[in-house]
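As a plain string of letters, each chain reads:
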Amino acid sequence: MMLMVFILLISFVQEGSSRLTIDEKQFIVDIHNEYRMNVTPNAADMRRLEWDDEVAAVAQNWASRCPGGHNSNEYGENIAFSTLPFTGNIENLFKAGLKAWHDEVNDYKYKTGECSGVCGHYTQMVDTRSIKIGCGTNYGECSGRFPYILVCNYSPAGNYNGNKPYKKGKTCSKCADDTRFCVDKFCAAECSGNCKCKRKCKKGELDKKTCTCNCYKENGYYGSFCKQKCKNTDECINRGYDTWPDENVCVGDYFTDLCPLKCHPDCEYFKNKKG
């Protein structure tokens, strides 16, 4: 029988327990991470995807209901439909479903974010914001032309607000502060001995032991990569926030970003130096 795969992009939350085998779970994770590791253009902040049983329970519950359309919840979700069961045939059926999602890369333009077809399954697969995955499938046949369903949920959800799925650049060069080490080409929170630090500090010096940038504060630079200048924005100045008492302005991230010279703690030295 010829394998036929049909895919949908969905989101949902429910209770359940994934019926996939250990090998099937690992295969799904490995394929996703292989795709994430080899994106084009190269990713500078890609994180490894890991299996999560709680997320998988959500996917399994939905797959068991024989869904035929879209749902909504806090998770990102990809769905594949097949004429044959998704279990017991890892190399064929699982790969066919996952590859169908990934093949949407051919319709996606990273530079502009434009899509000439359907791209949401691909961008969810490689979205570095998503770090957990859980999948489920039905065992009894559902009605219709495609009686078997594979559901994968992602947490946190990707495809957020039209943002690109990752930052391009040299591998691990733009890892966030909470995942600043580089392990097997992925940004990681901890260094277990087999890791590197590839962070680039524009106006500062790199401490490779902690993989942090020590910015040239005397020259007024701050931030994770020492790229940001201790300079209040035009909006901060035009609205007169720079003349207000600190305790009335520096009350949150919004104003800190708006008036860094006034509010950001790493700009204190430079502000005092300027008098």
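Residues numbered from 1 in each chain as written. Predicted model: local features only at pLDDT ≥ 70, side-chain atom pairs only at ≥ 80, totals over all residues. Heavy atoms only, no water.

1. Description of the nonpolar core
Counting 30 residues, the largest nonpolar core has Ile-28, Trp-101, Ile-133, Leu-150 and Cys-152 as the members making the most contacts within it. Mapped by element, the contributors of at least two residues to this core are α1 (22–37), α3 (90–102), α4 (120–125), β6 (132–137) and β7 (148–155). With five residues, the single largest contributor to this core is α1. Membership of the second largest hydrophobic core comes to nine residues, among which are Trp-62, Ile-79, Phe-81 and Ile-149. (Core = buried A, V, L, I, M, F, W, Y, C linked by side-chain atoms within 4.5 Å. Buried < 20%, exposed > 50% of the residue type's maximum accessible area, 1.4 Å probe, protein only. Helix = DSSP H or I, 4+ residues; strand = E, 2+ residues; numbered from the N terminus.)

2. A word on unusual backbone geometry
In the segment running from Thr-40 into Pro-41, the intervening peptide bond is cis, with an omega of 0 degrees. With respect to the helices and strands, Pro-41 occurs in the loop between α1 and β2 (50–51). The amide bond that connects Ser-155 to the next residue, Pro-156, takes the cis arrangement and shows omega of -15 degrees. Mapping Pro-156 onto the fold places it in the loop between β7 and β8 (181–183). Located in the positive-phi region is Asn-159, a residue other than glycine, with phi close to 55 degrees. Its place among the elements puts Asn-159 in the loop between β7 and β8. A residue is classified by how much of its surface remains accessible, and Asn-159, at 31% relative accessible area, is partly exposed. One non-glycine residue, Lys-185, adopts positive backbone phi at about 75 degrees. Looking at the element boundaries, Lys-185 is found in the loop between β8 and β9 (186–188).

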